[in-house]
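# Report on the structure
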Amino acid sequence: MQLNKLSAAFAALLGLTLAACSDNNSAPAPGAPAPQPEPEVPGLVLSDAQRNSDWYKNGAAAIASARDVAINNDRGAARNVILFVGDGMGISTVTAARILAGQLQGQSGEEYQLSFEKMPFAGLIKTYNTNQQTPDSAGTATAMVTGVKTKAGVLNVDETVARGDCAGSLQRPLTTALELAEGLGKSTGIVSTARITHATPAATYAKVPERGWEYAAPEGCKDIATQLVELAAGDGIDVVMGGGRRSFLPAEVTDLEGKTGRRTDGVNLIDAWKARYNDGVTNARYIEDQSGFDGIEVASTDKLLGLFESSHMRYEEDRDNDVAGEPSLSQMTGKAIELLSKNENGYFMMVESGRIDHGHHAGSAYSALTDAVEMAKAVQVAMDNTSAEDTLIVVTADHSHVMTIAGYPTRGNPILGKVVNNDSRGQPEAGVALAADGLPYTTITYANGLGHAHYGASTDADDRYEDPISAGRQDISASDTESAGYHQEALVPLGSETHAGEDVGVWARGPGSHLLSGTNEQSFIFHVMAHSGGLMGEN
Ligand SMILES: [Zn+2]
């Protein structure tokens, strides 16, 4: 049977070839019977429907451009390295943010591409800590910037150190990519919408056995804010922008937005930073609001410290409510690149979208996704203002969250909306699908957390912590689930929604970006940055 099929196929192919040859040589004689169409050979010929499909054409075009992507394996080929971390930006968050971004532009959304999804290489990253299946941000950030996985809760000390063990931590420090870059005379920058002393940004410069030591530490150890100001590598960090003013100010000091400092040692670290860098040679500038940001003179600014909020900066959609005004992640990214690009030796920069994570913890997909869309915008700014020839851009997440995209919503259904099936599953009114309990449900839900709540048009997801847990099914028939203040249902009741343990994505462009293909440990990211960025010099 098989043989017969095969020989029929070959005969048909031969027939096609002969027919093609004879067509070239002679037209059918007048009055001769019209030529019969050749029989189609199943499995050997693409149908017209296939070849004329836009999906097919787009795929063929993608092959053509993918073949042309330059592969650069050379050590040190990347003069500049930018690491973007979407805190908590798991795969489901990326998918939902993509759909939301497309829908905000009037498209159905599923086909949209976020900036970094247009990068030529992508892979998967295993995020677990050495002592936790589902990780925390301190251990994961340490892995990315040192090449060594470690425990949850510790920054830049290895896994043998017990959490909170000051003396032990001093014996087992890990050097970071930022420190290596400083040592090579490169410029360095950190930008985050979280407190700049929070786990992910702190991992670029601080070594502590407890991530909570942001403004105070036991005798013998230094708190994270102090370590930022005193960083010994090179000439210290050149560009710092984020939240977390309170860790730099004494408790007796009230800041411009009416918040008091947290330091009990009486030290004003903002003054200490100015004293260190305004030495008559360098021009160091401290800013703390939008007008200060708008007034940055790039040419004359050698060092920049921007602390725009007492604690974390605002969610992107909540930024208009800020007292003193603060820049967006994409604005900060653009300004940081301008400042760092002045150094002909190049730069290392870490940019964190810190509050995707916080939106999820509060059970607000709206806040998490709109911050993720802003992060994609920041990556676009970096792609537009650097060259793939000499700049490695890596975009990843430290860990995922338990947000899921579920049900069978019809194509183009609002990603924050209630599920509307194509066929409404036999229910009388075509439209919102009903679950077996007779109630509607949203496409996005959480496996755990505080659960459903609705704060109207409020754009501050942290409202949720003021009210009790309400896990499980709720009647959301009357709720506008697409509004800013809507918090999704959650199954398991917890005071804060948790991280998730599945792999996260990594996307990359520039020298060495292809090395991030495949499934790798999170610590591998450091090795690619160090190799392509030449961060270990001749060693
Ligand atoms: Zn978190």
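Here, every reference points to the structure presented above.
Residues numbered from 1 in each chain as written. Predicted model: local features only at pLDDT ≥ 70, side-chain atom pairs only at ≥ 80, totals over all residues. Heavy atoms only, no water.

Strand order across the open sheet formed by ten strands is β5-β6-β4-β3-β7-β1-β8-β16-β2-β17, with mixed pairing between neighbours. Taken across any chain shown, the strands that pair with only one partner, and hence form the sheet edges, are β5 (284-287) and β17 (518-521). For this sheet, the mean inter-axis angle between neighbouring strands, taken without regard to orientation, is 15°. Of the pairings in the sheet, the one linking strand β3 (residues 187-195) to strand β7 (residues 347-353) comprises six bridges and is parallel in character. Bridging across to β7, S187 finds its partner in Y347. Most of the contacts of helix α12 (residues 329-340) go to β7, to which it runs at about 175°, and overall it touches β1 (80-86), β3, β4 (239-243), β6 (303-307) and β7. (Pairing = 2+ DSSP bridges. Helix = DSSP H or I, 4+ residues; strand = E, 2+ residues; numbered from the N terminus. Axes fitted to C-alpha atoms, helices over the stretch in contact; angles between N-to-C directions. Contact = heavy atoms within 4.5 Å.)

Evaluated as defined, the whole model comprises one disulfide. Here C166 engages in a disulfide with C221; their sulfurs sit 2.1 Å apart. Sign of the S-S torsion, about 110° for the bond between C166 and C221, identifies this disulfide as right-handed. In this pair, C166 sits in helix α6 (residues 166-171) while C221 sits in the loop between α8 (199-202) and α9 (224-230), placing the two residues 55 residues apart along the sequence. For C166, a relative accessible area of 10% gives the class buried. A relative accessible area of 13% means that C221 is categorised as buried. (Disulfide = S-S within 2.5 Å. Buried < 20%, exposed > 50% of the residue type's maximum accessible area, 1.4 Å probe, protein only.)

Once that is clear, we can look at the packing of helix α5 (residues 137-146) against helix α15 (residues 524-532). Axis separation between α5 and α15 bottoms out at 5 Å; the angle between their running directions is 30°. Classified by the angle between their axes, α5 and α15 sit roughly parallel to one another. The handedness of the crossing between α5 and α15 is right-handed. Residues A143, M144, V145 and T146 of α5 form the contact with α15, whose participating residues are I525, F526 and M529. Residues belonging to the contact of α5 with α15 are distributed by class as follows: six nonpolar, one polar and no charged. (Parallel < 35°, antiparallel > 145°, perpendicular 65-115°, else oblique. Left-handed = near helix turned anticlockwise from the far one by under 90°. Nonpolar A, V, L, I, M, F, W, Y, C, P; charged D, E, K, R; others polar.)

A cluster of nonpolar side chains, namely L491, V492 and L494, defines an oily patch on the protein surface of about 260 Å² accessible area. The residue L494 is located in the loop between β14 (490-493) and β15 (499-500) in this model. (Patch = residues over 30% accessible without salt bridge, like charges linked within 9 Å, V, L, I, M, F, W, Y side chains within 5 Å. Areas by Shrake-Rupley, 256 points an atom, 1.4 Å probe, with all protein chains shown as cover. Salt bridge = Lys/Arg side-chain N within 4 Å of Asp/Glu carboxyl O.)

Bringing the sheet that holds strand β11 (residues 444-449) into the picture now. One open sheet holds the three strands; their spatial order is β10-β11-β14, and the pairing between them is mixed. Either end of the sheet is taken by a strand with one partner, and the two such strands are β10 (403-405) and β14. Looking at each pair of strands side by side, their axes are set apart by 15° on average, direction ignored. Pairing analysis gives three bridges linking β10 to β11, with the strands arranged antiparallel. Each residue of the ladder has a partner; that of M403, found in β11, is Y446.

Moving on to the coordination of the zinc ion. In an ideal tetrahedron of four donors about a metal, each angle is 109.5 degrees. In an ideal octahedron of six donors, the angles are 90 or 180 degrees. On the protein side, the zinc ion has D357 (OD), D357 (OD), H361 (NE2) and H499 (NE2) as donor atoms, found 2.1 to 2.3 Å from it. With a relative accessible area of 4%, D357 lands in the buried category. (Donors = N, O, S within 2.8 Å, 3.2 Å for Na, K, Ca; no water.)

Take the side chain of Q227 next. Along the polypeptide, Q227 turns up in helix α9. Contact partners of Q227, with chain neighbours within four places excluded, come to Y205, A206, K207, V208 and K222.

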